[in-house]
Amino acid sequence: MSETAKLTRGPIRGHLVSQTLPAIIGVASLMSVGLIDAYFIGQLGSAQLAAISFVFPISVAVVSLGVGTMVGINSVVSRTLGSGDLARARQRGNFGILFAVALGLMMSALLYLLLDPLFGLMQADDELLPIIREYMVPFSLGLPVILTIMGVNGVLRGQGEAKKTSYVSVTYAVANMILDPILITGAFGFEGFGIAGAAYATIVGWSIGIALGLFLLSKTDIPFQPRRIGGLDFGSSLNAIGKVAGPAAFSNAINPIGLAVLTALLASQGEAAVAGFGAAGRLQSFVVVPLLALSGSIGAIVGQNWGADMPERSRLAMLEAGAFCIGYGLLIAVLLWSTGGWFADIFTDDAEVMANFTSYLSIAAWGYAGYGLLIVGNGALNAIDRASVSLTQSFARVFLVMLPFAWVMRGDWGAEAIYAAELTANLVGGAIAAGAAWWFLGRRPRMVQAAE
């Protein structure tokens, strides 16, 4: 057992709380950015709000690839620390950050080249395409910045430094909140950039976050010192990160890809349906913050204990996390079902958009407990190098449940078929993910090596 693997000692419930509470603050800060973006963009007009609804699943899909990279780095660092090999953890942590930067550059070029055909496939009309490009061009060029911060956070998370990752997220969010009204709608005599201002605010905020993240990393056992990768087996390290990062990235990206298809299907119901769906999705992203925080924090806990050959502690972490997902998911569903109209009024005064907003929440919110089990179960599986299982079940949830349901039922149910499809997929996916995580965590390994 490594002295630097602090999550292998002490009560599991205490670690879940200590790692998740700071993460809630950090994730809430990040999600608030989406809400604030939607608020100021909504002031530009319904066309801009509809445009950002098309952008939302694509931007989430792209960021999800970065999150997958962070998960891969987290998994490798936590398991290596658990095995007691600090020198190797330092090498792989630094390699992971450099890998994230390189991946960001490649993703930036690819997304920039595919903007028009991508949104054309999503059925965005000729009026919305120029508005969409206003946002997506700077956003795509800023991807290396976003991926860099993902790499830094992966190393911090792998060490169980939840507070430090929350500091980075809060700093970014505060910067974005200050910049949004200035860069989107204008202030102090400045006219603003319109919808493109939201992308500029994101890039500047992430840049500030990188500076803070590197500083905080320098105070840990794995500082950013690229010289440490000298003598590292690059092939082995790339494989170790890629075995988790690749499947985890696609697993994270599958859901927003599914949402992009749902948005395209919903486009046939009119611009108001798309706008209501997109705005409600922003609110949904905020209310599931505790579930997202838990799914991020469980990886280091499970990974360090798995690497230290204590799988019973990893399984206990999944059990207690799953119980929280069910309780919180049901509570928040009741609250949103009863207050959906009040929230809709915050985003828009268009009666048709409000009706679609409240309809979505009254149906989809009852699947939040399942969604929590899904992402927490996937987080645990990724931590023990079972990312391929997470990918398989995430694929099945979207392409075998959600999209077929929406396609078959939309003729009879209209927009409500889209909302019911998401509900069904979350309930089925959550049950399968929780069962898979419980089964794999119950299989005691001969001795898990960090080199896996």
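Residues numbered from 1 in each chain as written. Predicted model: local features only at pLDDT ≥ 70, side-chain atom pairs only at ≥ 80, totals over all residues. Heavy atoms only, no water.

Q: I keep staring at the overall build of the protein chain and nothing clicks. Help me out?
A: Helix and strand counts for the protein chain come out as 15 helices and zero strands. Its C-alpha radius of gyration of 21 Å places the protein chain within 12% of the 22 Å reference for a compact globule of 452 residues. By its C-alpha atoms, the protein chain is 60 × 45 × 35 Å across when sized along the principal axes. Across the 452 residues that make up the protein chain, the buried fraction comes to 60%. The long-range fraction of contacts in the protein chain, counting pairs at least 24 apart against all pairs at least 6 apart in sequence, stands at 82%. (Helix = DSSP H or I, 4+ residues; strand = E, 2+ residues; numbered from the N terminus. Rg over C-alpha atoms; globule rule 2.2 N^0.38 Å. Buried < 20%, exposed > 50% of the residue type's maximum accessible area, 1.4 Å probe, protein only. Contact = heavy atoms within 4.5 Å.)

Q: When you look at the packing of aromatic side chains in this model, what are you seeing that I'm missing?
A: Geometrically, a pair of aromatic rings is defined through the distance of the ring centres and the angle of the planes. Under the criterion given, the structure shown has 10 aromatic pairs. Pairing Phe 193 with Tyr 200 gives two aromatic rings, centres 5.0 Å apart and planes at 80°, and the pair type is edge-to-face. One aromatic cluster is present, built from ring pairs that chain together Phe 190, Phe 193 and Tyr 200. We note Arg 315 situated over the ring of Trp 438; from NZ or CZ to the ring centre the distance is 3.7 Å. (Phe/Tyr/Trp six-rings, centres within 6.5 Å; stacked < 30°, edge-to-face > 60°. Lys NZ or Arg CZ within 6 Å of the ring centre and 35° of its normal.)

Q: Would you take a moment to explain helix 2 (residues 46–82) for this structure?
A: Because the α-helix completes a turn every 3.6 residues, residues three or four places apart line up on one side. The first and last C-alpha atoms of helix 2 sit 51 Å apart over 37 residues, in line with the 54 Å expected at 1.5 Å per residue. Most pronounced at Val 55, the bend in helix 2 amounts to some 30°, and the proline Pro 57 follows within four residues. Among the 37 residues that make up helix 2, 32 are buried, leaving the element largely enclosed by the rest of the structure. Positioned one or two residues after helix 2, Gly 84 has a phi angle of 95°, which is positive. (Expected span 1.5 Å × (residues − 1). Bend = angle between axes of the 7 residues up to and from the residue.)

Q: I'm lost on unusual backbone geometry in this one. Help?
A: A negative phi angle is the norm for most residues apart from glycine, just as the trans form is the norm for most peptide bonds. Phi at Asp 309 takes a positive value of approximately 65°, unusual for a residue other than glycine. Tracing the backbone through its elements, the reader meets Asp 309 in the loop between helix 10 (289–307) and helix 11 (311–347). Asp 309 sits in the buried class, given a relative accessible area of 19%.

Q: Can you help me understand the environment of Ile 52 in this one?
A: Tracing the chain through its elements places Ile 52 in helix 2. Judged by relative accessible area, which is 4%, Ile 52 ranks as buried. Linking Ile 52 and Ala 279, residues 227 residues apart in sequence, is a C-alpha distance of 9.1 Å.

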